[in-house]
Amino acid sequence: AAGYGLLSARRDGEEWAPAPSALCAWAVNRRGLDAAKADAVVELGDSVACLAFHPTEPTLLAGGAFNGDVLLWDLGDADEPLRAKSSL
């Protein structure tokens, strides 16, 4: 999984500016992998700082955003992957 987005400080230098981004994931163990086409794409309201898959549930992915949100996605659910979100 990888997060894509712009990282830029606000002009006043106090904190990171929110910027839309995307989370992309690939099933690397499947035949016919196309690195240019992600298996899952989730649009995000802010850039992610870190991502980690669950150790035994391969579709569960947790992430932390630059705005302080902690998010949990189920990438196996293409219609509504976001499972939980905590905000500061």
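These notes cover the structure that comes with them. Per-chain numbering applies: the sequence of each chain, read as written, is numbered from 1 onward. Selection of residues for local features in this predicted model requires a pLDDT of at least 70, selection of side-chain atom pairs for listing and counting requires 80 or more, and totals for whole chains, interfaces and linings are taken over all residues. The side-chain values count all of the structure's non-hydrogen atoms but skip hydrogen atoms and water molecules.

Side note on the sheet that holds strand β7 (residues 82–86)
Here is step 1 of the chain: Strands pair, by our definition, only if DSSP identifies at least two bridges between them. Helix numbering and strand numbering both begin at the N terminus, where a helix is a DSSP run of H or I of at least 4 residues and a strand a DSSP run of E of at least 2. Pairing is antiparallel in the open sheet, where four strands are placed in the order β4-β5-β6-β7. Looking at the sheet topology across the chains shown, the edges are occupied by β4 (48–53) and β7. Averaged over all neighbouring strand pairs, the angle between strand axes comes to 15 degrees, with direction disregarded.
Here is step 2 of the chain: Sheet analysis places strand β6 (residues 70–74) next to β7, joined by four bridges and oriented antiparallel. Across the sheet, the residue bridging to Val 70 is Ser 86, located in β7. Every axis in this analysis is a line fitted to C-alpha atoms, fitted for helices over the stretch in contact. Angles between the N-to-C directions lie between 0 and 180 degrees.

Quick notes on the nonpolar core
Side chains that are nonpolar tend, in soluble globular proteins, to be buried together.
Here is step 1 of the chain: Among buried residues, the Ala, Val, Leu, Ile, Met, Phe, Trp, Tyr and Cys ones that are joined through side-chain atoms within 4.5 Å form a nonpolar core. Exposure categories follow from relative accessible area, calculated using a 1.4 Å probe and restricted to protein chains: below 20% of the type maximum is buried, above 50% is exposed, and the middle band is partly exposed. Within the largest apolar cluster, eleven residues are counted, these being Leu 23, Ala 25, Ala 40, Val 42, Leu 44, Val 48, Leu 61, Ala 65, Leu 71, Trp 73 and Leu 75.
Here is step 2 of the chain: Looking at this core, the elements with two or more residues in it are β2 (21–25), β3 (40–44), β5 (60–65) and β6.
Here is step 3 of the chain: In terms of residue count, β3 provides more of this core than any other element does, three residues in total.

Here we look at the side chain of Ser 21
Here is step 1 of the chain: For Ser 21, the location among the structural elements is in strand β2.
Here is step 2 of the chain: At 2.8 Å, the side chain of Ser 21 forms a polar contact with the backbone oxygen of Asp 46.
Here is step 3 of the chain: The contacts of Ser 21, once residues within four sequence positions are left out, are Tyr 4, Gly 5, Val 42, Glu 43, Leu 44, Asp 46, Ser 47 and Val 48. Pairs of N or O atoms within 3.5 Å make up the polar contacts considered here, provided that, within protein, one atom can donate a hydrogen while the other can accept it, and that residues adjacent in sequence are counted only when both atoms are side-chain atoms. We call two residues in contact when some of their heavy atoms are within 4.5 Å.

A few points about the pattern of salt bridges
Here is step 1 of the chain: Here, a salt bridge means any side-chain nitrogen of Lys or Arg that lies within 4 Å of a carboxyl oxygen of Asp or Glu. Counted according to the given criterion, the structure contains three salt bridges.
Here is step 2 of the chain: A salt bridge links Asp 77 to Arg 83, with the nearest nitrogen and oxygen atoms 2.8 Å apart.
Here is step 3 of the chain: In this structure Asp 77 comes out as partly exposed when scored by relative accessible area, which is 23%.
Here is step 4 of the chain: Looking at Arg 83, the relative accessible area reads 43%, which means it is partly exposed.
Here is step 5 of the chain: Several salt bridges converge on common partners, so that one network encompasses Asp 74, Asp 77 and Arg 83.

Re the sheet that holds β2
Here is step 1 of the chain: Ordered by their spatial adjacency, three strands build an open sheet running β1-β2-β3, and the pairing between neighbours is antiparallel. With one partner strand each, in any of the chains shown, β1 (2–5) and β3 form the two edges of the open sheet. The sheet shows a mean angle of 20 degrees between the axes of neighbouring strands, taken without regard to direction.
Here is step 2 of the chain: Both β2 and β3 contribute to a ladder of five bridges, which runs antiparallel. Along β3, the bridge assignment pairs Ala 25 with Ala 40.

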